[in-house]
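Secondary and tertiary structure notes
Listed below are the residues making up each chain.
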Amino acid sequence: MSDVVIRPLVAGEESLFDSMPDPLPQLRQVSYADGLAGGGYRPEHTWVALRAGRVVGRAAWLQPPGAATVLWLERFDLDAEPEVGAALLHAAHEALGGPGPYYAALPAHWRRRPEVLAVVEAPMSAARLAGLVERGERLRFSWTGTPLPAPSGRYTFRPAVDAAEINALVSRIAEPDVLTGVETAQAVGGVDLAADPLAWFTGPVDGWRVASDAGEAVGLVGTAGDACYPLIVYLGLLDEAVRAELLAEAVRVLMAGGAREVLADVRAHRVAVVAELERTGFRQVRARVLFEPGATPR
């Protein structure tokens, strides 16, 4: 460890971050340069570990302009032993006011890919050594034009009447199937997307649909065609039998607005939801493992 220098970047040396080759180039994510231009990344929130002048570890904390909560670790790459990464995180945590969440972005099906495991083992071990604890995993899915299943005719779909109807249905749904952008909503707006999606997606409610069976509401879906990408923001059920058709209806709503791709996030443990997304033509494109402060750093 005595041969490693750990420090934050200073203004003017932002290119040092990108001097380390991207270990997971197949991931679709915002580049460091674009994050700097947008104001989410800053040199003083970016730390590197250098060995003989070469970057062997890098960590970039994100805080979008106007964010309501603490910074979160968005990029963390390591080409060194886990102890070096843990020392980098520990030094940064002390300077930044303590540890925050770490959202580890990973390629789809990463646990079944030895070449990916070889890359992510060191930074994830370092995060644990630095006192961060794994708290769950979310999967991102993408639909890009696969034919949709035909409606059965059992259900009807209509636009939500107003925000009050949406909020009333949300209050009856214990655990939504799909929530896209949970981390951003919480970190930037302090919003619990599962309980109050309209506090985050504040535009017109014309992207919301209510599913009914013989006049009884059995599901609710919210879409956003004007976010970073067309999204299924929220999908919640009062009858699981409507899941497939409500997913397809959400895609049709976005297609009518010109969408050629639709994104949806789901918790990895929701096996039935994952299976339905895949049957509807979605494919997994990314995973995000959440680490939070919890253990005493070693």
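Summary of the structure given here.

Conventions used here
- Residues numbered from 1 in each chain as written.
- Predicted model: local features only at pLDDT ≥ 70, side-chain atom pairs only at ≥ 80, totals over all residues.
- Heavy atoms only, no water.
- Helix = DSSP H or I, 4+ residues; strand = E, 2+ residues; numbered from the N terminus.
- Buried < 20%, exposed > 50% of the residue type's maximum accessible area, 1.4 Å probe, protein only.
- 1 Å grid on protein atoms, 1.4 Å probe; cavity = no way out; pocket = protein on both sides within 12 Å on 5 of 7 lines; lining within 4 Å.
- Points joined across faces, edges and corners; volume = space filled by probe spheres on them.
- Nonpolar A, V, L, I, M, F, W, Y, C, P; charged D, E, K, R; others polar.
- Core = buried A, V, L, I, M, F, W, Y, C linked by side-chain atoms within 4.5 Å.
- Polar contact = N/O pair within 3.5 Å; in protein donor to acceptor, adjacent residues only side chain to side chain.
- Contact = heavy atoms within 4.5 Å.
- Salt bridge = Lys/Arg side-chain N within 4 Å of Asp/Glu carboxyl O.
- Lys, Arg positive; Asp, Glu negative; His and termini not counted.

**Description of unusual backbone geometry**
Not every positive phi belongs to a glycine, and H109 is a case in point at roughly 60°. Locating H109 in the fold gives a position in the loop between β5 (102–107) and α4 (114–129). For A214, which is not glycine, the phi torsion reads 55° and is therefore positive. Considering the arrangement of structural elements, one finds A214 in the loop between β9 (208–213) and β10 (216–224). Note on A214: relative accessible area 80%, which makes it exposed.

**With respect to empty space enclosed by the protein**
What the rule picks out here adds up to one cavity of 30 Å³ or more. In this structure, the largest cavity spans a volume of roughly 40 Å³. Elements represented by at least two residues in the lining of the largest cavity include exactly β6 (132–143) and β13 (283–293). Top contributing element to the lining of the largest cavity by residue count: β6, with three residues. Here the lining of the largest cavity is composed, by residue class, of one nonpolar, no polar and six charged.

**Section: the nonpolar core**
Counting residues in each nonpolar core, the largest one holds 58 residues, and the members touching the most others are L89, I232 and F282. Here this core takes six residues from α4, the largest share from any one element. V191, W208, L231 and L263 belong to the second-largest nonpolar core, a separate cluster that totals 20 residues.

**Section: the side chain of D177**
By the secondary structure assignment, D177 is in the loop between α5 (163–170) and β8 (178–179). Given the relative accessible area of 5%, D177 is considered buried. A polar side-chain atom of D177 sits 2.8 Å from a polar atom in the side chain of R270. The contact partners of D177, leaving out residues within four places of it in the chain, are L235, G236, L237, R243, D265, V266, R270 and V273.

**Quick word on the pattern of salt bridges**
Counted by the stated rule, this structure contains 23 salt bridges. Note that R7 is salt-bridged to E13, the shortest N-O span being 2.5 Å. Look at R7 and you get partly exposed, because its relative accessible area is 28%. E13 gets classed as buried once you look at its relative accessible area, which sits at 19%. In this structure, the salt-bridge partner of D265 is R140, at a minimum N-O distance of 2.7 Å. In this pair, D265 is assigned in strand β12 (residues 262–267) and R140 in strand β6, connecting sequence segments 125 residues apart. Each of E175, D177, E240, R243 and R270 takes part in salt bridges that share partners, so that together they form one network.

**A look at the environment of E165**
Residue position: E165 is located in helix α5. On the basis of relative accessible area, E165 is assigned to the buried category, the value being 18%. For the pair formed by E165 and V210, sequence separation is 45 residues and the distance between their alpha carbons is 9.3 Å. In this view, E165 contacts R158, A160 and V210; residues no more than four positions away in its chain are not counted. Engagement of the side chain of E165 in a polar contact is seen with the backbone nitrogen of V161, the distance being 2.6 Å.

**Here's the deal with the side chain of E249**
Among the structural elements, E249 can be located in helix α7 (residues 243–256). Summary of buried charges: E249 has no salt-bridge partner, and the nearest side chain of opposite charge, R209, is 4.1 Å away. If we skip the residues at most four places from it in the chain, E249 touches F157 and R209.

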